[in-house]
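Okay, here's what each chain looks like letter by letter:
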Amino acid sequence: MNEETVGEPSEKSASQKSASESTSMTLSSAILEQNDTATAAGQQRQEQRPTTSAGPPTISAAQRQQQQASSTPGGGPQTPKQKPQQQQQQQQQQQLPPMPQLNANDMRELREIKQLLWGDNVREDVFKRWSQGFEFSDYEPSALVQKQGGPCAVIAPVQAYLLKIITMDTHEFRLSEITPAECKRLLIQALCNILRNCRAPRYRLVQLHRHRTNSDNQTTKERAATSGASAEAGGGGGEGGAGPNANEVDEEAEEATPETVEHLTGKDNKAGQASSSHHHPDRDLTPDEFHSRLYTLHFLDGPTVSRYFGDHYNQLTDTYGVMLFMYSVFLTKGIELVAADISDTSEPIIHRTFGYGGQSMINLMLTGRAVGYVWDHEQDVGGLKLRGICEQSDIGYITTMEQMRYCTVGSFYKNPRYPVWVMGSDTHLTVLFSHEKKLVSPETPSEHGRRIFKSFDPEGNNFIASSLLREVLAQLNLVSEQGYVNLMMKRLDPENLGIILLNAFMEEFFPCERHSAPDTFELMHYNGIPGSNDNNKVRYYCGSAILLEGDLKSMCASNPMVTCLQTKWPNIEINWHDPWHTPSLN
């Protein structure tokens with residue numbers, strides 16, 4: 001890895017290098033291309049490179065004259081009408097940081113990720129629905145707002161991890177009293193949690209170069225003409241490809257100090273905010289323009305990522321903050337591992353028409369693995385090994401699709417480490433959470449026995465075939481000798497119907513054992529779409545839940561919220577505290 005410093009005299013290079021190593025951060029885009037001429041490069045490079053401050057790059061007088069000469073056709077003198085406009089363009093160009101270069105491997109992966117997410121073409125209406133930053137509600141300090149349908153596959157998991165941090169750090173939390181500064185910290189910590197779940201050797205953040213003008217394109221062409229070797233490094237990129245022009249591709253990422261990153265983006269992007277008003281707004285970007293401006297930053301540890309997010313917080317809240325974080329998760333995980341997790345890559349992860357994210361994206365955000373199913377471990381379906389969730393997750397997941405028998409959610413998702421669950425309907429994702437930590441207490445022998453029994457009852461009938469009893473007992477490490485099994489079959493199925501009821505099984509092998517979950521507890525629900533909230537005010541809704549005796553449950557097809565809750569607590573009833581509004585899953 002080249003550890004060349006940028007924008008400082010040579011006697012300070014050692015101190016910059018140590019600062020770079022202390023932050024364990026690499027920048028996969030080189031700030032400036034090296035001049036191919038070997039003579040007189042030292043002084044000329046110092047004149048051309050940007051400074052390490054957040055201000056504009058320094059440009060020599062000779063360069064200004066050359067730019068003025070090249071700005072008119074044939075390099076002739078400027079007319080009076082041309083001069084003010086030319087000077088204004090030159091002044092704006094001096095204020096803009098140069099377009100970064102992309103590491104060739106990152107560029108290839110970004111193109112493949114774009115194809116995996118969107119397919120061959122990105123529909124502009126779907127792209128616009130995803131074009132939003134992370135924004136908190138004016139009525140609930142820690143609740144994120146989802147402006148349109150689509151990005152809930154990113155926003156809901158981020159909200160779930162944010163609430164996990166709140167429930168983990170505080171015994172009795174008062175959500176309405178959380179300060180904006182605390183919400184900022186919670187959001188950054190939630191994002192870092194999701195990136196850490198990818199278990200990657202380094203973090204690769206995808207960022208957007210927000211300033212590009214015709215003069216930038218001209219400069220790029222001039223640079224490409226003088227560096228033919230680098231023009232072949234990217235292998236192409238084509239229209240709409242991910243990353244800057246293919247002529248601006250570096251095979252290796254250079255070591256960068258915090259100052260060089262600050263120069264590229266502007267600390268807290270104050271300089272960028274000031275200059276962005278003079279250029280095209282982000283909202284006008286087409287999908288192709290957006291993907292042509294992407295570049296990447298490499299970090300070796302989570303604390304450095306957290307500090308970077310804190311120093312450049314508006315990168316998260318700007319128009320494309322949600323999409324940039326989504327790309328960062330996929331790139332940090334790595335396209336090879338993502339593709340290996342996904343069982344079917346023939347269809348894009350983001351629905352072509354409706355724009356919602358698929359189960360692979362939801363699972364990647366929640367667990368760090370982009371598997372396509374929600375059952376425990378893997379299942380053999382027609383000779384195919386279909387992978388699900390491999391271990392207990394920090395955040396749970398329940399869905400109405402299970403009640404409709406479109407899928408089976410495993411115990412790892414239903415019993416997470418923290419009392420926070422993403423709730424899925426057929427069109428949207430919301431979040432359920434509680435401060436009652438006993439809801440996720442360690443599994444009791446009775447609950448373990450019930451879970452194993454139900455794993456042999458995928459249709460949820462609350463009974464199994466008598467012939468399966470021996471396998472159930474074996475998985476529970478109970479006596480499974482055939483003579484004992486035959487005796488139990490006669491006892492549990494006295495009428496010889498060929499089935500064994502769940503209640504009879506539990507009373508025989510786990511009598512008088514209470515569930516670990518309390519009989520009553522409080523639940524809270526979040527839906528980020530304003531239109532799904534009372535008076536379009538995104539906030540949390542609280543309800544009192546009670547677990548009834550027995551295993552019978554009422555079917556409430558008209559109440560998707562209850563049917564979804566019953567996939568986790570079959571005998572639950574809940575009364576919401578707001579009499580005028582019932583929380584919605586859509």
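Residues numbered from 1 in each chain as written. Predicted model: local features only at pLDDT ≥ 70, side-chain atom pairs only at ≥ 80, totals over all residues. Heavy atoms only, no water.

Asks: Which residues make up the pattern of salt bridges, and what are the values?
Replies: By the definition in use, this model includes 16 salt bridges. Between Asp 125 and Arg 123 there is a salt bridge whose closest N-O contact spans 2.7 Å. Judged by relative accessible area, which is 33%, Asp 125 ranks as partly exposed. Across the salt bridge formed by Glu 508 and Arg 491, the nearest N and O atoms sit 3.3 Å from each other. Here Arg 491 lies in helix α23 (residues 482–492) and Glu 508 lies in helix α24 (residues 502–509), a separation of 17 residues in the sequence. On the basis of relative accessibility, which here comes to 57%, the residue Arg 491 falls in the exposed class. The network of salt bridges with shared partners includes Asp 106, Glu 109 and Arg 204. (Salt bridge = Lys/Arg side-chain N within 4 Å of Asp/Glu carboxyl O. Buried < 20%, exposed > 50% of the residue type's maximum accessible area, 1.4 Å probe, protein only. Helix = DSSP H or I, 4+ residues; strand = E, 2+ residues; numbered from the N terminus.)

Asks: Which residues make up a negative patch on the surface, and what values do they have?
Replies: A contiguous patch of negative charge on the surface is contributed by Glu 124, Asp 284, Asp 288 and Glu 289. A relative accessible area of 41% means that Glu 124 is categorised as partly exposed. (Patch = residues over 30% accessible without salt bridge, like charges linked within 9 Å, V, L, I, M, F, W, Y side chains within 5 Å. Areas by Shrake-Rupley, 256 points an atom, 1.4 Å probe, with all protein chains shown as cover. Lys, Arg positive; Asp, Glu negative; His and termini not counted. Charge placed at Lys NZ, Arg CZ, Asp CG, Glu CD.)

Asks: Can you break down the packing of aromatic side chains residue by residue, with the values?
Replies: For the structure shown, the criterion picks out 19 aromatic pairs. Aromatic side chains Phe 127 and Tyr 320 sit 5.8 Å apart centroid to centroid with 35° between the ring planes, which places their arrangement in the tilted category. With Phe 127 in helix α6 (residues 124–130) and Tyr 320 in the loop between α15 (314–317) and α16 (321–333), this residue pair connects regions lying 193 residues apart in the sequence. For Phe 127, a relative accessible area of 1% puts it in the buried group. Between Phe 290 and Tyr 320, the ring centres sit 5.0 Å apart and the planes meet at 40°, which makes this aromatic pair tilted. Pair noted here: Phe 290 is in helix α13 (residues 287–292) and Tyr 320 is in the loop between α15 and α16, with a separation of 30 residues, a long-range link. (Phe/Tyr/Trp six-rings, centres within 6.5 Å; stacked < 30°, edge-to-face > 60°.)

Asks: Give me the side chain of Asn 197: which residues, what numbers.
Replies: One can find Asn 197 in helix α8 (residues 180–197). Setting aside its immediate chain neighbours within four residues, Asn 197 contacts Tyr 161, Leu 366, Thr 367 and Gly 368. (Contact = heavy atoms within 4.5 Å.)

Asks: Provide a residue-level description of the packing of α23 against α24, including the pertinent values.
Replies: It is the contact of α23 with α24, at a shortest axis distance of 11 Å, that shows an interaxial angle of 125°. For the element pair α23 / α24, the angle class is oblique. As for how α23 packs across α24, the hand of that crossing is right-handed. For the pair α23 and α24, contact is made by Tyr 484, Met 488, Arg 491 and Leu 492 and by Ala 504, Phe 505, Glu 508 and Phe 509, respectively. (Axes fitted to C-alpha atoms, helices over the stretch in contact; angles between N-to-C directions. Parallel < 35°, antiparallel > 145°, perpendicular 65-115°, else oblique. Left-handed = near helix turned anticlockwise from the far one by under 90°.)

Asks: Can you tell me about the nonpolar core, naming the residues and giving the values?
Replies: By size, the foremost hydrophobic cluster in this structure holds 91 residues, and its most contacted members are Trp 118, Met 326 and Met 361. By residue number, the principal contributor to this core is helix α7 (residues 152–169), which donates twelve residues. Ile 398, Leu 439, Met 561 and Leu 585 belong to the second-largest nonpolar core, a separate cluster that totals 19 residues. (Core = buried A, V, L, I, M, F, W, Y, C linked by side-chain atoms within 4.5 Å.)

Asks: For the confidence of the model for the protein, give the residues involved together with the corresponding values.
Replies: Averaged over all residues, the pLDDT of the protein is 77; the fraction at 70 or higher stands at 67%. Predicted confidence for residues 244–259 stays below pLDDT 50, and this span has 71 contacts to residues more than four positions away or in other chains. Taken as a whole, residues 265–282 scores under 50 in pLDDT and shows 37 contacts with residues more than four places along the chain or in a different chain. (pLDDT = per-residue confidence, 0-100.)

Asks: Report on the pairing of strand β7 (residues 378–381), specifying residues and quantitative values.
Replies: Relative to strand β8 (residues 384–387), β7 runs antiparallel, the two being bridged by four bridges. Across the sheet, Val 381 pairs through a bridge with Leu 384, a residue of β8. Where β7 folds back onto β8 in an antiparallel hairpin, the turn is made up of two residues, including Gly 382, whose phi is positive at roughly 60°. (Pairing = 2+ DSSP bridges.)

Asks: Give a description of the pairing of strand β10 (residues 420–424) that names residues and reports values.
Replies: Most of β10 is tucked away: five of the five residues are buried. Residues Val 420, Val 422 and Gly 424 line one face of β10 and the alternating positions Trp 421 and Met 423 line the opposite face, and both faces are buried. When strand β9 (residues 396–399) meets β10, the two strands line up parallel, connected through four bridges. Within β10, the position partnered with Gly 396 by the bridge is Trp 421. Both β10 and strand β11 (residues 429–433) contribute to a ladder of five bridges, which runs antiparallel. The partner of Trp 421 across the bridge, within β11, is Leu 432. Count of turn residues in the β10/β11 antiparallel hairpin: four residues.

Asks: Tell me about unusual backbone geometry, and please be specific about residues and values.
Replies: Located in the positive-phi region is Arg 199, a residue other than glycine, with phi close to 55°. For Arg 199, the location among the structural elements is in the loop between α8 and β3 (203–208).

Asks: I'd like a rundown of the packing of α7 against helix α18 (residues 359–367), residues and numbers included.
Replies: Taken N-terminus to C-terminus, the directions of α7 and α18 make an angle of 20°; their axes are 9 Å apart at the nearest point. Taken together, the axes of α7 and α18 lie roughly parallel to each other. Regarding α7 and α18, the two cross each other, and that crossing is right-handed. In contact with Ala 153, Val 154, Pro 157 and Tyr 161 of α7, α18 contributes Met 361, Ile 362, Met 365 and Leu 366. Taken together, the residues of the contact of α7 with α18 sort by class into eight nonpolar, no polar and no charged. (Nonpolar A, V, L, I, M, F, W, Y, C, P; charged D, E, K, R; others polar.)

Asks: Pulling in residues and values, what's your account of the environment of Val 322?
Replies: Turning to its location among the elements, Val 322 is positioned in helix α16. Look past the residues within four positions of Val 322 in its chain and what remains in contact with it is Trp 130, Gln 132, Gly 133, Phe 134, Pro 151, Val 154 and Ile 155.

Asks: Tell me about α16, and please be specific about residues and values.
Replies: Compared with an ideal rise of 1.5 Å per residue, which puts 13 residues at 18 Å, α16 spans 18 Å between its outermost C-alpha atoms and is within 8% of the ideal. Across the 13 residues that make up α16, a large majority, 13, are buried. At the C-terminal side of α16, Gly 334 shows a positive phi close to 100°. (Expected span 1.5 Å × (residues − 1).)

Asks: Go over the environment of Leu 585, please, and point to the residues and values.
Replies: By the element assignment, Leu 585 lies in the segment after β16 (572–576). According to the relative accessible area criterion, Leu 585 is buried, its value standing at 3%. Expressed as a C-alpha distance, the spacing of Leu 585 and Ser 532, which sit 53 residues apart in the sequence, is 8.3 Å. Beyond its immediate stretch of four places on either side in the chain, Leu 585 contacts Thr 400, Met 423, Ser 425, His 428, Thr 430, His 525, Asn 527, Pro 560, Met 561 and Cys 564.

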